[in-house]
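Structural overview for review
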Amino acid sequence: MKGFIVTGTDTGIGKTVFAAGLTAALRGTYWKPVQSGLEEETDTEVVARLCAGTGAQVLPEAYRLKTPCSPHEAARIDGITMDCDRLKLPAAEDPLIVEGAGGVLVPYTDDLLAADLFSCWALPAIIVARTALGTISHTLLTVEALKARGVLIAGVVFTGEEEPVAQRAIAHFSGVAQLGRLPQLEPLDAAGLSAAFATNIRLDLMA
Ligand SMILES: Nc1ncnc2c1ncn2[C@@H]1O[C@H](COP(=O)(O)OP(=O)(O)O)[C@@H](O)[C@H]1O
Ligand SMILES: [Mg+2]
């Protein structure tokens, strides 16, 4: 299976928006294995909306959990024991774009962290990092946690305002490919995202 894991330094930083842009650009298949929180538009629904008309595909989640918190806790609240077999990569048309929940050390079960799953999936990861204060340490920690589990890192993508000093420090200390920065889009729609992705994201630089 070819594809990418889209992970990041935190939740609410633009992983889903970036994943939608990537899935559209590659005419790929998007999969969010575990959705925690069903009150608002789910990540899968956002990606389907932002990929409309691009030929990209969207798979259903393996687990849809009610509470917006870490998957292990959301599953406990719903009285569900997640079966790791259902978290294996699905048979789908590649490239498969898999979005993780939150950051790399989020627990999925009582003995499985996100990064452990990534290592089983054996796909390279793209780290989405916001440019806001604190990003240098968060991003370098994310790189270390992935490397410690043997997860290949295809690159780092920034979201937010340009912060050249932070971006340079991350490039310098991590040695990870810098794929660009997705600016804030207003409005955020399929056409605008495709255009911004094509202009700002350098998939050709991926490691
Ligand atoms: N490039 C962008 N332009 C405009 N809004 C964005 C952009 N990236 C993210 N957002 C908004 O920020 C919020 C969090 O983004 P999201 O992609 O859902 O983050 P994550 O998947 O990391 O939780 C959403 O409301 C989303 O619409
Ligand atoms: Mg998301």
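Residues numbered from 1 in each chain as written. Chains lettered and ligands numbered in written order. Predicted model: local features only at pLDDT ≥ 70, side-chain atom pairs only at ≥ 80, totals over all residues. Heavy atoms only, no water.

This part covers helix H3 (residues 71-78). Of all the positions in H3, only Pro71, Ala74 and Ala75 are classed as buried. For H3, the angular spread of buried residues about the axis comes to 100°, placing them on one side. Looking one or two residues past H3, Gly79 carries a phi angle of roughly 70°, positive in sign. (Buried < 20%, exposed > 50% of the residue type's maximum accessible area, 1.4 Å probe, protein only. Helix = DSSP H or I, 4+ residues; strand = E, 2+ residues; numbered from the N terminus. Arc of directions from axis to C-beta.)

Counting residues in each nonpolar core, the largest one holds 35 residues, and the members touching the most others are Phe118 and Leu146. When residues of this core are traced back to their parent elements, those giving at least two are strand S5 (63-65), H3, strand S6 (96-99), helix H4 (114-121), strand S9 (125-130), helix H5 (135-148) and strand S10 (153-159). Among the elements that make up this core, the one with the highest residue count is H4 (5 residues). The contacts of Leu146, once residues within four sequence positions are left out, are Thr7, Val104, Ala115, Phe118, Ala125, Ile127, Val151 and Ile153. Core analysis: the next-biggest nonpolar cluster, separate from the first, contains 27 residues, Phe18, Tyr30, Ile126 and Ile201 among them. (Core = buried A, V, L, I, M, F, W, Y, C linked by side-chain atoms within 4.5 Å. Contact = heavy atoms within 4.5 Å.)

Next up on the list: the packing of aromatic side chains. Enumeration according to the criterion identifies 3 aromatic pairs in this entry. Note on Phe18 and Phe197: the rings are 5.4 Å apart at their centroids and 35° apart in plane angle, and the pair reads as tilted. Placement of the pair is Phe18 in helix H1 (residues 15-26) and Phe197 in helix H7 (residues 190-200), with a sequence separation of 179 residues. A single burial state applies to Phe18 and to Phe197, both of which are buried. (Phe/Tyr/Trp six-rings, centres within 6.5 Å; stacked < 30°, edge-to-face > 60°.)

This part takes up the coordination of the magnesium ion (ligand 2). Donor atoms from the polypeptide that coordinate the magnesium ion (ligand 2) comprise Thr16 (OG1), Asp43 (OD) and Glu99 (OE), at 2.1 to 2.3 Å from the metal. Counting residues between consecutive donors of the magnesium ion (ligand 2) along the chain gives the motif T-x26-D-x55-E. Of this pair, Thr16 sits in helix H1 while Glu99 is found in strand S6, placing the two residues 83 residues apart along the sequence. With relative accessibility at 11%, the residue Thr16 sits in the buried group. Under the relative-accessibility criterion, Glu99 is labelled buried at 2%. (Donors = N, O, S within 2.8 Å, 3.2 Å for Na, K, Ca; no water.)

Looking along the chain, the bond that leaves Asp94 and enters Pro95 is cis, with omega of 0°. Along the polypeptide, Pro95 turns up in the loop between H3 and S6. Of the consecutive residues Glu186 and Pro187, the connecting peptide bond is found in the cis state with omega at 0°. Secondary-structure assignment places Pro187 in the loop between strand S11 (178-182) and H7. Not every positive phi belongs to a glycine, and Arg27 is a case in point at roughly 50°. As for its placement among the helices and strands, Arg27 is situated in the loop between H1 and strand S2 (29-31). Although it is not a glycine, Ala122 sits at a positive phi angle of roughly 55°. Secondary-structure assignment places Ala122 in the loop between H4 and S9. On the basis of relative accessible area, Ala122 is assigned to the exposed category, the value being 62%.

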